[in-house]
Amino acid sequence: MVYDLTGTWTGKNGNIHLLAEHSAWPRDMMALFAFRLDNAPHIAAAFNEDASQYAMASLCQVLRELVDDGGIITREQDDLVTALIWKTELLGQASPEVSCARFTQDFKLVMAGHSIPWGEQALHASVTGVWSFFHPEQFGHKASASCRGLLAALSRDRFDGAPVGADQGWALSYRSDMEMAARLFSDMEEDRLLLAWQPIQNGVDGGKILYHECLLRDVPEDPGASPAAAIAALERLGLVGALDHHVVSRVVEELACEPNACLGVNISAQSARFEGWWSEIEDRLRDRPDIAPRLVIEITETAQFPNIGQAVAFAGRMRKLGVRIALDDFGVGHASIRNLLALQPDIVKVDRFFLHRAIESDRGRATLQHLVGLAGNMASTIVVEGVETEAEDSLAVQAGALWRQGYHLGRPSVIRPWPQPVSPALDLPLLAGPERRRA
Ligand code: C2E
Ligand code: CA
Ligand code: CA
């Protein structure tokens, strides 16, 4: 990780914009941040206490180098640190609210991607942060009250990753998760992650493509291999946000460069809430209003929604910009139907498990039909996943799903299928229920 305190943090995992020339901060105002190393107890249990202390010291060191002489870093308790920043131009040009939120989130992303060497392994830090700001005349009383308030808020904040386990088996699998995460982050840092694209096609008019779904490929592992196991590890470690930010940014960039493309991007349920890194994406979508209507965010439910209320607010805010929300893996996720209804997805993708079951028995066929019907009550556009044969293709259409995805229709490929005269299905109003049923 390289950073340059005279300008911009130049790591590929995140950008902390420092030393802005003009600041929207009122003169003399100060900012107070509190950060928690969320996985301090996990590292202590899976490695040892020294490893956890070392990770905490590394976190403080990165923060100290960032803040330099513009503030003071205090280690409060074992896994908590505060940063009082008086040189607020360090935080950027935006309003205090926005720049504090961004700094907090950017620091979180940077620490997730930052490799902390520990013996043969590398550790990655999952960080939560909160902030407040005040004038120097309020400094004494207000600062200590703020500090207490922030530390209390942090202790209430839930950690998205898996809890510490009690047995040796848990420690082993945590270390293996950390190893997978380190490999993925190192490949991300070195630009070795590729994006593959898979079409979502129309069952009646096979030439029509709704959009291409972006699927991550980790080249050094195996060019065709899926990083699904590493993504699941990142979710358990509470670190998946850094990867999601990286892929979403790349897909938005792709859309900016390719005006014919309509693309879908996967995000973990853990990233389906409005955090600082999304505000940077939101700004981009506002600057280029042609991008959002060509973007689908697929929320995968491989991990539980940490907070369904926040996910609903996130989906609403993205939809307002013109982005479509797809609910992925319908039928095998964790959330209740009531919660899924609250998300109001534009697209529901029925997990491939049901199509493969449908091919085996009448009962399976009835289940698929029932599920597609249920999905049709939640969203106007239904996709059946995992179409591997002609027979499965026909079954999906018979079940009432107009859009399908699978190896039979097109395998994920790193070769970009555009520019070409694509059928810009996302420019059309998404098909309504009755049309789908007629198909
Ligand atoms: P998903 O979102 O359900 O993606 C579809 C998966 O099904 C992909 O696996 C795709 O290669 C595979 N697939 C497509 N057609 C067929 C078929 O006909 N038969 C079978 N058996 N499989 C098919 P992949 O690429 O291994 O991705 C696995 C999962 O990893 C994805 O499931 C998604 O949950 C996650 N994932 C992939 N890329 C990303 C990413 O950039 N960010 C996040 N957060 N998750 C990702
Ligand atoms: Ca997906
Ligand atoms: Ca899926």
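For every chain, the first residue of the written sequence is number 1, and numbering continues from 1 along that sequence. Here the convention is simple: chains get letters from A, ligands get numbers from 1, in the order in which they are written. The predicted origin of the model limits local features to residues at a pLDDT of at least 70 and limits the giving and counting of side-chain atom pairs to 80 or more, whereas totals for whole chains, interfaces and linings rest on all residues. Heavy atoms from the whole structure form the basis of all side-chain values; hydrogens and water molecules are not counted.

**Q** Got a minute to help me understand the overall build of the protein chain in this structure?
**A** Each helix and strand in the protein chain was counted, giving 14 helices and 14 strands. Sorting the 439 residues of the protein chain into buried and exposed places 53% on the buried side. Here, two residues are considered to be in contact whenever any of their heavy atoms come within 4.5 Å of each other. Here the analysis covers contacts within the protein chain between residues at least 6 apart in sequence; of these, 71% occur between residues at least 24 apart. Of the accessible surface of the protein chain, which amounts to about 18800 Å², a share of 52% is contributed by carbon and sulfur atoms. Only DSSP runs of H or I covering at least 4 residues are called helices, and only runs of E covering at least 2 are called strands; the numbering of each starts at the N terminus. The cut-offs for exposure are 20% and 50% of the maximum accessible area for each residue type, with area from a 1.4 Å probe on protein chains only; residues under the lower value are buried, those over the upper are exposed, and the others partly exposed. Areas reported here follow the Shrake-Rupley algorithm with a probe of radius 1.4 Å; residue values treat only the protein chains shown as occluding.

**Q** Please clarify how the coordination of the calcium ion (ligand 2) should be interpreted in this entry.
**A** Metal coordination angles in their ideal form are 109.5 degrees for the four-donor tetrahedron and 90 or 180 degrees for the six-donor octahedron. Looking at the metal site, the calcium ion (ligand 2) is ligated by Glu213 (OE), Asn266 (OD1), Glu298 (OE) and Asp328 (OD), spaced 2.1 to 2.4 Å from it. Here a donor is an N, O or S atom found within 2.8 Å of the metal, or within 3.2 Å if the metal is Na, K or Ca; sites may look incomplete because water is not among the atoms. Counting along the primary sequence, the residues that act as donors to the calcium ion (ligand 2) give the motif E-x52-N-x31-E-x29-D. The distance between the calcium ion (ligand 2) and the calcium ion (ligand 3) comes to 4.2 Å, and Asp328 binds to both of them. You can see Glu213 sitting in strand β8 (residues 209–218) and its partner Glu298 sitting in strand β10 (residues 295–300), a full 85 residues away along the chain. The exposure classification of Glu213 matches that of Glu298, with both residues buried.

**Q** Just checking my understanding: could you explain the coordination of the calcium ion (ligand 3) for this structure?
**A** The calcium ion (ligand 3) binds to the protein through Asp328 (OD), Asp329 (OD), Glu385 (OE) and Glu385 (OE), with metal-donor distances spanning 2.2 to 2.5 Å. Mapped onto the polypeptide sequence, the residues donating to the calcium ion (ligand 3) form the spacing pattern D-D-x55-E. The class of Asp328 is buried, set by a relative accessible area of 3%. Exposure remark for Asp329: the relative accessible area of 16% places this residue in the buried category.

**Q** What is the right way to read the pairing of strand β7 (residues 193–202) from this model?
**A** Regular strands have side chains that alternate between both faces of the sheet. By the criterion of burial, β7 is predominantly enclosed, with nine of the ten residues buried. Bridge analysis of β7 against β8 gives nine bridges, and the strand direction is antiparallel. Bridge pairing in β8 links Leu193 to Asp218. Sheet analysis places β7 next to strand β14 (residues 403–404), joined by two bridges and oriented antiparallel. Paired with Asn202 across the bridge in β14 is Trp403. Pairing between strands is defined by DSSP: at least two bridges between the two strands are required.

**Q** What am I meant to see in unusual backbone geometry here?
**A** A negative phi angle characterises most non-glycine residues, just as the trans form characterises most peptide bonds. One non-glycine residue, Asp68, lies in positive phi territory at about 55°. Tracing the backbone shows Asp68 in the loop between α2 (49–67) and β2 (71–77).

**Q** Honestly, helix α13 (residues 390–398) in this entry has me stumped. Any pointers?
**A** Those residues of α13 that fall on the buried side of the exposure criterion are Glu392, Asp393, Leu395 and Ala396. The buried residues of α13 occupy one face: seen down the axis, they fall within an arc of 160°. Within α13, the exposed residues directed more than 90 degrees away from the buried face are Glu390 and Gln398. Count one or two residues on from α13 and you reach Gly400, which has phi positive near 105°. What the arc describes is the spread of directions from the helix axis to the C-beta atoms.

**Q** For this particular structure, what's the right way to read the nonpolar core?
**A** Across soluble globular proteins, you tend to see nonpolar side chains buried next to one another. Within the largest apolar cluster, 107 residues are counted, with the highest numbers of intra-cluster contacts made by Phe33, Phe107, Val251, Trp278, Ile297, Phe330 and Val350. Ignoring sequence-local partners within four residues, the contact set of Trp278 consists of Val248, Ile267, Ser271, Arg273, Ile297, Phe314 and Met318. Residues belong to a common nonpolar core when they are buried Ala, Val, Leu, Ile, Met, Phe, Trp, Tyr or Cys residues joined through side-chain atoms within 4.5 Å. Ranked by size, the runner-up nonpolar core spans eleven residues in total, among them Met30, Val130, Leu150 and Leu154.

**Q** I'm lost on the side chain of Arg273 in this one. Help?
**A** Within the element layout of this structure, Arg273 appears in the loop between β9 (263–268) and α8 (276–287). Overall, Arg273 belongs to the buried group, its relative accessible area being 15%. In this structure Arg273 touches Asp160, Trp278, Pro306, Gln310 and Phe314, once residues within four positions along its chain are discounted.

**Q** Which parts of the structure should I look at to understand the sheet that holds β2?
**A** Adjacent strands of a sheet pair through backbone hydrogen bonds, lying either parallel or antiparallel. Read from one edge of the open sheet, four strands run β2-β3-β1-β6, paired in antiparallel fashion. Taken across any chain shown, the strands that pair with only one partner, and hence form the sheet edges, are β2 and β6 (127–134). Each neighbouring strand pair of the sheet contributes to a mean axis angle of 20°, computed without reference to strand direction. Bridge count for strand β1 (residues 30–37) against β6 is eight bridges, and the pairing is antiparallel. Each residue of the ladder has a partner; that of Ala31, found in β6, is Phe133. Between the N-to-C directions of two axes lies an angle of 0 to 180 degrees, each axis being a line fitted to C-alpha atoms and, for a helix, fitted only over the stretch in contact. Lying on the sheet, α2 is in contact with β1, β2, β3 (80–85) and β6; it crosses β2 at an angle near 165°.

**Q** Honestly, the site of ligand 1 in this entry has me stumped. Any pointers?
**A** Any residue with at least one heavy atom within 4 Å of a molecule or strand is counted as near it. The environment of ligand 1 is made up of 24 residues, and the closest members are Arg217, Ser226, Asp244, Glu388 and Tyr407. Gln198 places a polar side-chain atom, nitrogen or oxygen, 3.0 Å from a nitrogen atom of ligand 1. Considered on its own, ligand 1 offers 790 Å² of accessible surface; in the complex 89% of this is hidden by protein. With four residues, the single largest contributor to the shell around ligand 1 is β8. Classifying every residue of the shell around ligand 1 gives nine nonpolar, seven polar and eight charged. Pairs of N or O atoms within 3.5 Å make up the polar contacts considered here, provided that, within protein, one atom can donate a hydrogen while the other can accept it, and that residues adjacent in sequence are counted only when both atoms are side-chain atoms. Following the grouping adopted for this structure description, the nonpolar residues are Ala, Val, Leu, Ile, Met, Phe, Trp, Tyr, Cys and Pro, the charged ones are Asp, Glu, Lys and Arg, and the polar ones are all others, Gly among them.

**Q** Hey, could you run me through the side chain of Asp393 in this one?
**A** Relative to the elements of secondary structure, Asp393 occurs in helix α13. With a relative accessible area of 9%, Asp393 lands in the buried category. At a separation of 2.5 Å, a polar atom in the side chain of Asp393 contacts the side chain of Arg404. Discounting residues that sit within four places of it in the chain, Asp393 has contacts with Val387, Arg404, His408 and Leu409.

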